[in-house]
Amino acid sequence: MSQQGYVATPPYSQSQPGIGLSPPHYGHYGDPSHAASPPGLMKPPGPLGTATPGGMLPPGPPPPGTHQFGQNGAHASGHPPQRFPGLPPVNNVAPSYAPYSSSTPSAYPRPVSTSSVTHLGNQLNAMQINNYASYGPQMAGAPLSYPGGFPGGPAQMAGPPQPQKKLDPDSIPSPIQVIENDRATRGGQVYATNTRGQIPPLVTTDCVIQDEGNASPRYIRCTAYCFPCTSDMAKQAQIPLAAVIKPFATIPSNESPLYVVNHGEDGPVRCNRCKAYMCPFMQFIEGGRRYQCGFCSCVNDVPPFYFQHLDHTGRRLDRYEKPELSLGSYEYVATLDYCRKNKPPNPPAFIFMIDVSYSNVKNGLVKLVCEELKTVLEKLPKEEQEETSGIRVGFITYNKALHFFNVKSNLAQPQMMVVTDVGEVFVPLLDGFLVNYQESQSVIHNLLDQIPEMFADCNENETVFAPVIQAGMEALKAADCPGKLFIFHSSLPTAEAPGKLRNRDDKKLVNTDKEKILFQPQTNVYESLAKDCVAHGCSVTLFLFPSQYVDVASLGLVPLLTGGTLYKYNSFQMHLDSQQFLNDLRNDIQKKIGFDAIMRVRTSTGFRATDFFGGVFMNNTTDVEMAAIDCDKAVTVEFKHDDKLSEDSGALIQCAVLYTTIGGQRRLRIHNLGLNCSSQLADLYKSCETDALINFFAKSAFKAVLHQPLKVIREILVNQTAHMLACYRKNCASPSAASQLILPDSMKVLPVYMNCLLKSCVLLSRPEISTDERMFQRQLVMTMGVADSQLFFYPQLLPIHTLDVKSSTLPAAIRCSESRLSEEGIFLLANGLNMFLWLGVSSPPEVIQGIFNVPSFAHINTDTTLLPEVESPYSQKLRLIMSIILQKRPYSMKLTIVKQREQPEMFFRQFLVEDKGLHGGSSYVDFLCCVHKEICQLLN
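This is a predicted model, so every value here is computed, not measured. (Residues numbered from 1 in each chain as written. Predicted model: local features only at pLDDT ≥ 70, side-chain atom pairs only at ≥ 80, totals over all residues. Heavy atoms only, no water.)

**Section: the overall build of the protein chain**
Item 1. Helix and strand counts for the protein chain stand at 22 helices and 32 strands.
Item 2. Residue burial in the protein chain is summarised as follows: out of 940 residues, 60% are buried.
Item 3. Put simply, of all contacts in the protein chain between residues at least 6 apart along the chain, 75% involve residues at least 24 apart.
Item 4. When the accessible surface of the protein chain is totalled, it reaches about 35500 Å², and 51% of it is carbon and sulfur. (Helix = DSSP H or I, 4+ residues; strand = E, 2+ residues; numbered from the N terminus. Buried < 20%, exposed > 50% of the residue type's maximum accessible area, 1.4 Å probe, protein only. Contact = heavy atoms within 4.5 Å. Areas by Shrake-Rupley, 256 points an atom, 1.4 Å probe, with all protein chains shown as cover.)

Pasting the structure below:
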């Protein structure tokens, strides 16, 4: 029996021609001259990938009435597809994603109907979930024809034009509803990872994860948990097959930490052929004397120290006593073979590097940093069993020259050594530069008190930057240890030195094919510097305090490629921004982190890892090298078929990260995940995870901005969205009128999220967003995990005026649209980078009194970035909600208070992502129409 999802007949009954894009450029995400297909964006051989027997629609116009779809009519068991009430007629569609600027006329065609169509009265009623009947009769009509074969030709009108009709936003899929439904069915439960290919709860659902043989979704999430068996199927569906891996993800206290396996001098047991590590996918045979590798099928001898008898089912008697045989994730203590120069590593060091140019001293930033370092140095990360941290610390200040400080514990006063030759940086002292904080505490405090005074009369405003990183790296190299540089910097490095930059912020390049130049570093100095840093285990974290253009595309490259983090505080003001900066600094220093890391992703036969996206450096095609990796960094890995996959053995992934701990121990962290495989497209679509797909699309698009015009990238994204959905429609959904939009259940919010990505300031320039801000956001997204990218593209919007102050839970979120706000309401919006409290003009006075301790709306001071600590239940509840949101995120968000109908509201409104953009960018409703037309055109 064929199942139908949500169904409605739209105002027009025939399939419409595609959106008015110029013919999509499917080319390489890179040099447009390449004929190869882009990573993650396959070149479709036909209208929908490879034609399969009985698969493609015949050429020529569709018959009137409903389209038939070949044999595969019935929808696979499981969730029904989603069918949506009619989309509005073509003539009220938003501007296209092609020229994409508010001034250009609409690039969508405005075709005229060639058949008069009866309109349904109730077609815009809200959708009824699981109502499998069609809404109203199916209507037949002649297909639309265009003289000249393209939309917008001089068509003859054969009937009255269709009246304008808007689609009801409540009748299209709601991200909030999807999130709430998943929370209702899976929230608060135990999710056990004992089944291959099972789909985990969404990232927005709180649950307890129990490792029973596959890695927790906190460590690995996939775009699909059932891979297609053949590359032809993969090309046909065009769904990227990828994993988002966050090897050091934070695990909540109610879940068990990773076990550490120590085989002493023998080291980890590994397959002789493919070098995969012992894991639950290995099959023991011959009474336990040998095992067959789950990845390459090679049969290996079991080392004598590792032998154990098998039970009557052929499994080892000790499998539940060994983490590597029963768990998806665990660690091995590495032997000397895994260490540089075959000797144990030294514990890492932290070097603090402060820009002491005139403006930084005058605005109080130097003093703020020095004062805060006294506090954070007390909280240096340490191994759980250790009493004090093994990390050594060092200090450098700089402007045009570099100043190194000797803070050896036996000195009465710190000593300064100046290096003025910034062309050839050397480290003027070894003994006394990197010290144990506990031993040298008094000398260090002395230094931190003296630095602001020492440079109080310094009028030097020019700075260097590349030599600062070079100096830090040389110091770590001389000490033979990995480490991290914390750089506090505020201006474009214009002083004569390697890495000197000029202001090249040219607004005339925006919206042209040359816009990509703005995303590329200005000089290759920084890339080669990053390469050297990775080779020596030197990670760079940069705190930027710019008051004007600083060329983030160049300065941010070293932090990105060395596994560091970039923080940016525009036009830093002490009284407004210091709290956000201090929170970020404290969090960064205390993060769970691994140093001098190499990651390798192994797969079972039939597919392999082909592309890596993130803050990664690669000297070859398989090893991802990272100077450091912390709990917030994720690497997105794309897989491609190199043979057939079998439904029986599935698709296995093993991620191994070799790294040095905070205490200087070399370890291997292993994550294993088993996925299903199927020869049915319906199984692939059922197993997709939209949040992971958007993470992949964002990273592949943001990588492509270095080489491709943005317009081309946007077209590819729109086109691939339509391809994925059209393939589902054609191969998995039951027959229905072409005019219905049918979405797979797992992807019903893909269009809204994809539209958010297309409207992001990286892919779509906006006059009020600086070039540096666009580069900054691009860099952030490149290292995001799935939970962070989900919130970034679709912010959380919470009603505060209806708070139940007695309840301990967060209020239910609402959709990100202006239509959901009310004059009487107060709303909190957060996207991981920004936080806003929006106040309606008629906000209840008692709530305003409770939160701000002022009598009315007019008395609220919108300049403050911190809520006053009022003892009212409203204030306490709101501050609790804000702290819960902040706790889970890598960046501390500065609060902006926005009053309805005041100027700053314009900035707030760009986060209402379901609405039409102020400077181009479709609303969700319009984008859905655009995708629907593209699907109809593909199916024709």
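**As for the sheet that holds strand β24 (residues 635-641)**
Item 1. Taken in spatial order, the 4 strands of this open sheet run β5-β7-β24-β22, and their pairing is antiparallel. A strand with exactly one partner marks an edge of an open sheet, and here the two such strands are β5 (220-222) and β22 (607-613). Strand-to-strand twist across the sheet, computed as the mean angle between neighbouring axes with direction ignored, equals 25 degrees.
Item 2. Sheet topology note: the strand β7 (residues 242-245)/β24 ladder contains 4 bridges and is antiparallel. By the bridge assignment for β24, alanine 242 is matched with glutamate 638. (Pairing = 2+ DSSP bridges. Axes fitted to C-alpha atoms, helices over the stretch in contact; angles between N-to-C directions.)

**Some thoughts on empty space enclosed by the protein**
Item 1. Counted according to the given criterion, the structure contains 10 cavities of 30 Å³ or more.
Item 2. One number sums up the size of the largest cavity: a volume of about 180 Å³.
Item 3. Forming the walls of the largest cavity are 18 residues, and the residues nearest its centre are Leu780, Met784, Asp788, Pro890 and Tyr891.
Item 4. Considering every element that reaches the lining of the largest cavity, the biggest residue donor is helix α18 (residues 786-793), with 3 residues.
Item 5. Across the lining of the largest cavity, the residue classes tally to 8 nonpolar, 5 polar and 5 charged.
Item 6. Roughly 100 Å³ of volume is contained in the second largest cavity.
Item 7. Taken together, 13 residues line the second largest cavity, and the ones lying closest to its centre are Tyr191, Gln198, Ala215, Tyr225 and Leu673. (1 Å grid on protein atoms, 1.4 Å probe; cavity = no way out; pocket = protein on both sides within 12 Å on 5 of 7 lines; lining within 4 Å. Points joined across faces, edges and corners; volume = space filled by probe spheres on them. Nonpolar A, V, L, I, M, F, W, Y, C, P; charged D, E, K, R; others polar.)

**With respect to the packing of helix α19 (residues 845-852) against helix α20 (residues 873-887)**
Item 1. Remark: α19 packs on α20, axes separated minimally by 7 Å, with the N-to-C direction vectors making an angle of 65 degrees. On the basis of their axis angle, the class for α19 and α20 is roughly perpendicular. Both α19 and α20 take part in a crossing whose hand is right-handed. Every residue of α20 that contacts α19 at Val847, Gly850 and Ile851 is listed here: Tyr874, Ser875 and Leu878.
Item 2. Residues that form the contact of α19 with α20 fall into these classes: 4 nonpolar, 2 polar and no charged. (Parallel < 35°, antiparallel > 145°, perpendicular 65-115°, else oblique. Left-handed = near helix turned anticlockwise from the far one by under 90°.)

**Brief notes about the side chain of asparagine 672**
Item 1. Within the element layout of this structure, asparagine 672 appears in strand β26 (residues 666-678).
Item 2. Setting aside residues no more than four positions away along its own chain, asparagine 672 makes contact with Asn214, Ala215, Cys279, Pro280, Phe281, Phe295, Leu327, Gly328, Tyr330, Ile653 and Gln654.

**Digging into the pairing of β24**
If a strand is regular, its side chains alternate between the two faces of the sheet.
Item 1. For β24, a buried count of 6 out of 7 residues is recorded, marking the element as mostly surrounded by other parts of the structure.
Item 2. Examined bridge by bridge, β22 and β24 share 6 bridges and lie antiparallel to one another. Counted as the bridge partner of aspartate 611 is glutamate 638 from β24.

**Some thoughts on the nonpolar core**
Item 1. Membership of the largest hydrophobic core comes to 237 residues, with the highest contact counts inside it found for Phe395, Phe581 and Leu837.
Item 2. Looking at this core element by element, the count peaks at 10 residues for helix α15 (residues 710-731).
Item 3. Non-local contacts of phenylalanine 395, meaning those with residues more than four positions away in its chain, are made with Phe352, Leu373, Leu377, His403, Phe404, Phe405, Val407, Phe433, Ile444, Leu447 and Leu448.
Item 4. Counting residues in each nonpolar core, the second largest holds 28 residues, with Met278, Phe295, Cys298 and Leu668 among its members. (Core = buried A, V, L, I, M, F, W, Y, C linked by side-chain atoms within 4.5 Å.)

**Some details on the packing of helix α14 (residues 690-704) against α15**
Item 1. For the pair α14 and α15, interaxial distance at closest approach is 10 Å and the crossing angle is 150 degrees. With respect to each other, α14 and α15 are oriented roughly antiparallel. Remark: the crossing between α14 and α15 carries right-handed chirality. From α14, Leu693, Phe697, Ala701 and Ala704 reach across to α15, where they touch Ile713, Leu717, Gln720 and Met724.

**Quick word on the packing of aromatic side chains**
Item 1. Counted according to the given criterion, the structure contains 38 aromatic pairs.
Item 2. Judged by centre distance (5.2 Å) and plane angle (80 degrees), the rings of phenylalanine 792 and phenylalanine 793 are edge-to-face. With respect to class, phenylalanine 792 is no different from phenylalanine 793; both count as buried.
Item 3. In this structure an aromatic cluster arises from ring pairing among Phe488, Phe543, Phe545, Tyr567, Tyr569, Phe572, Phe581 and Tyr891.
Item 4. Positioned above the aromatic ring of tyrosine 306 is the side chain of arginine 316, whose terminal nitrogen or guanidinium carbon lies 4.4 Å from the ring centre.
Item 5. The aromatic ring of phenylalanine 857 is capped on one face by lysine 899, whose charged end is 5.1 Å from the ring centroid. (Phe/Tyr/Trp six-rings, centres within 6.5 Å; stacked < 30°, edge-to-face > 60°. Lys NZ or Arg CZ within 6 Å of the ring centre and 35° of its normal.)

**Side note on helix α7 (residues 466-479)**
Item 1. If you check α7, its first and last C-alpha atoms are 20 Å apart, about what 14 residues at 1.5 Å a residue would give, namely 20 Å.
Item 2. Residues of α7 that are buried include every one of Ala466, Pro467, Val468, Ile469, Ala471, Gly472, Met473, Ala475 and Leu476, and no others.
Item 3. In the segment just after α7, aspartate 480 is the residue with positive phi, at about 55 degrees. (Expected span 1.5 Å × (residues − 1).)

**Overview of the environment of glutamate 934**
Item 1. For glutamate 934, the location among the structural elements is in helix α22 (residues 924-939).
Item 2. Exposure remark for glutamate 934: the relative accessible area of 5% places this residue in the buried category.
Item 3. When the C-alpha atoms of glutamate 934 and histidine 723 are compared, they prove to be 8.4 Å apart, with 211 residues separating the residues in sequence.
Item 4. Within the structure, glutamate 934 has its side chain in polar contact with the side chain of asparagine 719 (distance 2.8 Å). (Polar contact = N/O pair within 3.5 Å; in protein donor to acceptor, adjacent residues only side chain to side chain.)

**Some thoughts on the layout of surface pockets**
Item 1. Empty space within the second largest pocket amounts to approximately 980 Å³.
Item 2. Lining the second largest pocket are 34 residues, with Asn570, Asn834, Lys894, Thr896 and Phe907 sitting closest to its centre.
Item 3. When contributions to the lining of the second largest pocket are tallied by element, the ones reaching two or more residues are β20 (566-568), α12 (574-590), α17 (771-782), β31 (834-839) and β32 (894-899).
Item 4. The element best represented in the lining of the second largest pocket is β32, accounting for 5 residues.

**Describing the pattern of salt bridges**
Item 1. The tally for this structure, following the rule as stated, stands at 43 salt bridges.
Item 2. Here glutamate 371 and lysine 374 are joined by a salt bridge, their closest N and O atoms 3.2 Å apart. Placement of both glutamate 371 and lysine 374 in helix α5 (residues 365-376) is noted, with a separation of 3 residues, approximately one turn of the helix.
Item 3. The salt bridge partner of aspartate 506 is lysine 508, with a shortest N-O separation of 4.0 Å.
Item 4. Within this structure, Lys484, Asp588, Lys591, Asp630, Asp632 and Lys633 form a network of salt bridges that share partners. (Salt bridge = Lys/Arg side-chain N within 4 Å of Asp/Glu carboxyl O.)

**A short note on the side chain of aspartate 623**
Item 1. With respect to the helices and strands, the residue aspartate 623 is situated in strand β23 (residues 623-630).
Item 2. Within polar-contact distance, the side chain of aspartate 623 engages the side chain of arginine 600 at 2.7 Å.
Item 3. Excluding residues within four positions of it along the chain, aspartate 623 makes contact with Ile598, Met599, Arg600, Phe617 and Met618.

**So, the sheet that holds strand β30 (residues 826-830)**
Item 1. The 4 strands are arranged β29-β30-β31-β32 in an open sheet whose pairing can be described as mixed. Only two strands of the sheet have a single neighbouring strand rather than two, namely β29 (796-799) and β32. Neighbour-to-neighbour, the strand axes of the sheet open up by a mean angle of 20 degrees, direction not taken into account.
Item 2. As paired strands, β30 and β31 are joined by 5 bridges and run antiparallel to one another. Following the sheet pairing, phenylalanine 827 is matched in β31 by tryptophan 838.
Item 3. Each of β29, β30, β31 and β32 is contacted by α20, which is oriented at about 15 degrees to β30, the strand it contacts most.

**Some details on the pairing of β31**
Item 1. β31 sits mainly inside the fold: 6 of its 6 residues count as buried.
Item 2. Sheet topology note: the β31/β32 ladder contains 6 bridges and is parallel. Bridging from a neighbouring strand, tryptophan 838 pairs with valine 898 of β32.

**Here we look at α15**
Spacing of three or four residues puts side chains on the same side of an α-helix, whose turn is 3.6 residues.
Item 1. Here α15 spans 32 Å end to end across 22 residues, near enough to the 32 Å set by a 1.5 Å rise per residue.
Item 2. Extensive coverage of α15 is indicated by the burial of 21 of its 22 residues.

**Side note on unusual backbone geometry**
With the exception of glycine, the majority of residues adopt a negative phi angle, and the majority of peptide bonds are in the trans configuration.
Item 1. Backbone geometry places lysine 275, a non-glycine residue, at a positive phi of 70 degrees.
Item 2. Structurally, lysine 275 is set in the loop between β8 (260-261) and β9 (283-285).
Item 3. The partly exposed category is assigned to lysine 275, whose relative accessible area is 38%.
Item 4. The backbone phi angle of arginine 901 is positive, close to 70 degrees, even though this residue is not glycine.
Item 5. When you line up the elements, arginine 901 lands in the loop between β32 and α21 (905-909).

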